[in-house]
Amino acid sequence: MRPVLTQIPAVAMKPTRQIILDTETTGFYYDRDDRLIEFAGLEMIDRRLTGRYLHLYVHPERDIPEEAVRVHGITLAQLADKPKFAEVAEEIADFIRGADLVIHNAAFDMGFLDMELGKAGLPTASQLAAEVTDTLAMAKELYPGQKNSLDALCTRLGVDRSKRVYHGALIDCELLSEVYLGMTRSQFSLVDQFAEEEADVRAEIRSAAVSERPAHLRVLQADADEMAAHEAYLDGLDQAADGGSLWRREA
């Protein structure tokens, strides 16, 4: 029985654009008077870093407490010639617009970005982003009851963090990109497996269709009676057509 061939439509998948994102701030409370002082984002498309990134230092228009400096190593003196957030707000908004944001402890960074972009009169990060993935929440599901800081995840997943002295936003993004890929590797391997299985099914359908075709076609020659009947039919066409039938003229 000849197999029924089903046309499987090709779906053009839009590349997934993600921004691995981190910030540093003057403190913990975006809803009080703390401000953002560093922004970093690395672009990743289809799980590959593109080399495109945005890294900015921002003057907070206020002091930086000593306890915060001990964490990220950024002093107010170092930011004396840096732009205020309002001066770089559009650049940040354009960079994250429409992307899936991947952030460790996303509520913290999104809170500051929403606040700062709102102050600048722009849509918030929550409005600009297509989606937000919190790798801290992801880690808590994968490793319940364990430490899930970025340092702990680097150790667990074999990510080299030897260059990390302070919690700088750019180096943290680089580490987080490797941690994110490590935590989601099995998930995307399953997707690849499904794609391979679909390709195998397509190959089987093509193979079955080819195997049903005869190896060669037998040519049957017309016998004398059939040739005579054909000539008689052409004679009739010649009589009906003015100037003879096209068939004999072309022949």
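Because the structure is a prediction, the values reported are computed rather than measured.

### Some remarks on the overall build of the chain
Thought 1: In terms of helices and strands, the chain carries nine helices and five strands.
Thought 2: Secondary structure elements of the chain occur, N-terminal to C-terminal, as β-β-β-α-α-β-α-α-β-α-α-α-α-α.
Thought 3: Within the chain, the fraction of its 251 residues that count as buried is 35%.
Thought 4: For the chain, the proportion of contacts with a sequence separation of at least 24, taken over those separated by at least 6, is 65%.

### What about the UniProt feature "binding site: a divalent metal cation" (unreviewed entry) in the chain?
Thought 1: This chain's UniProt record puts "binding site: a divalent metal cation" (unreviewed entry) on Asp-22, Glu-24 and Asp-172. Taken together, the annotated residues stretch across 151 residues yet fold into one region, lying no more than 10.2 Å apart by C-alpha.
Thought 2: In this structure, Asp-22 sits in strand E1 (residues 17-25).
Thought 3: Given the relative accessible area of 13%, Asp-22 is considered buried.
Thought 4: The residues touching Asp-22, leaving out its near neighbours within four places in the chain, are Glu-38, Phe-39, Ala-40, Asp-109, Gly-168, Ala-169, Asp-172 and Cys-173.
Thought 5: For Asp-172, a relative accessible area of 6% translates into the label buried.

### Comments concerning the sheet that holds strand E5 (residues 131-134)
Thought 1: Across the sheet, which stays open at both edges, the five strands sit in the order E3-E2-E1-E4-E5 with mixed pairing between neighbours. Two strands close off the open sheet at either side, each with one partner strand: strand E3 (48-57) and E5. The average undirected angle you get between the axes of adjacent strands in this sheet is 25 degrees.
Thought 2: Direction of pairing for strand E2 (residues 36-45) relative to E3: antiparallel, over a ladder of seven bridges.

### As for the nonpolar core
Thought 1: Counting 24 residues, the largest nonpolar core has Leu-21, Phe-39, Ile-92, Ile-96, Leu-101 and Leu-117 as its most contacted members.
Thought 2: Mapped onto this core, the elements with two or more residues apiece are E1, E2, E3, helix H2 (85-96), strand E4 (100-103), helix H3 (106-119) and helix H4 (125-128).
Thought 3: Residue contributions to this core peak at seven residues, all from H2.
Thought 4: For Leu-117, the contacting residues outside a window of four places in its chain are Phe-85, Ala-89, Ala-93, Ile-96, Leu-122, Pro-123, Thr-124, Ala-125 and Leu-128.
Thought 5: By size, the runner-up hydrophobic cluster in this structure holds 20 residues, among which are Ala-40, Tyr-143, Val-159 and Ile-171.

### Here we look at the packing of H2 against H3
Thought 1: Across the interface, H2 lies against H3 with an axial gap of 9 Å and an inter-helix angle of 120 degrees. On the basis of the axis angle, H2 is oblique to H3. Both H2 and H3 take part in a crossing whose hand is left-handed. Each of Phe-85, Ala-89, Ile-92, Ala-93 and Ile-96 in H2 lies in contact with H3, whose residues at this interface are Leu-113, Glu-116 and Leu-117.
Thought 2: Taken together, the residues of the contact of H2 with H3 sort by class into seven nonpolar, no polar and one charged.

### Some points on helix H6 (residues 150-157)
Thought 1: Buried within H6 are the following residues: Leu-150, Ala-152, Leu-153 and Cys-154.
Thought 2: Looking at the residues trailing H6, positive phi occurs at Gly-158, about 70 degrees.

### Quick notes on the side chain of Glu-38
Thought 1: Secondary-structure assignment places Glu-38 in strand E2.
Thought 2: For the buried Glu-38, no salt bridge exists, and the shortest N-O distance to an oppositely charged side chain is 10 Å, to Lys-82.
Thought 3: Reaching out from Glu-38, the side chain makes a polar contact with the side chain of His-55 at a distance of 2.6 Å.
Thought 4: From its side chain, Glu-38 meets the backbone nitrogen of Ala-169 in a polar contact 3.4 Å long.

### Overview of unusual backbone geometry
Excluding glycine, a negative phi dihedral is what most residues carry, and trans is how most peptide bonds are arranged.
Thought 1: Residues other than glycine seldom take positive phi values, yet Asp-46 does so here, at roughly 50 degrees.
Thought 2: Its place among the elements puts Asp-46 in the loop between E2 and E3.
Thought 3: Exposure remark for Asp-46: the relative accessible area of 42% places this residue in the partly exposed category.
Thought 4: Its identity is not glycine, yet Asn-105 carries a phi of approximately 65 degrees, on the positive side.
Thought 5: For Asn-105, the position within the fold is in the loop between E4 and H3.
Thought 6: Of the residues examined, Asn-105 reaches a relative accessible area of 33% and is grouped as partly exposed.

Criteria and cut-off values
- Residues numbered from 1 in each chain as written.
- Predicted model: local features only at pLDDT ≥ 70, side-chain atom pairs only at ≥ 80, totals over all residues.
- Heavy atoms only, no water.
- Helix = DSSP H or I, 4+ residues; strand = E, 2+ residues; numbered from the N terminus.
- Buried < 20%, exposed > 50% of the residue type's maximum accessible area, 1.4 Å probe, protein only.
- Contact = heavy atoms within 4.5 Å.
- UniProt positions renumbered as here; feature names shortened; annotations may be inferred.
- Pairing = 2+ DSSP bridges.
- Axes fitted to C-alpha atoms, helices over the stretch in contact; angles between N-to-C directions.
- Core = buried A, V, L, I, M, F, W, Y, C linked by side-chain atoms within 4.5 Å.
- Parallel < 35°, antiparallel > 145°, perpendicular 65-115°, else oblique.
- Left-handed = near helix turned anticlockwise from the far one by under 90°.
- Nonpolar A, V, L, I, M, F, W, Y, C, P; charged D, E, K, R; others polar.
- Lys, Arg positive; Asp, Glu negative; His and termini not counted.
- Salt bridge = Lys/Arg side-chain N within 4 Å of Asp/Glu carboxyl O.
- Polar contact = N/O pair within 3.5 Å; in protein donor to acceptor, adjacent residues only side chain to side chain.

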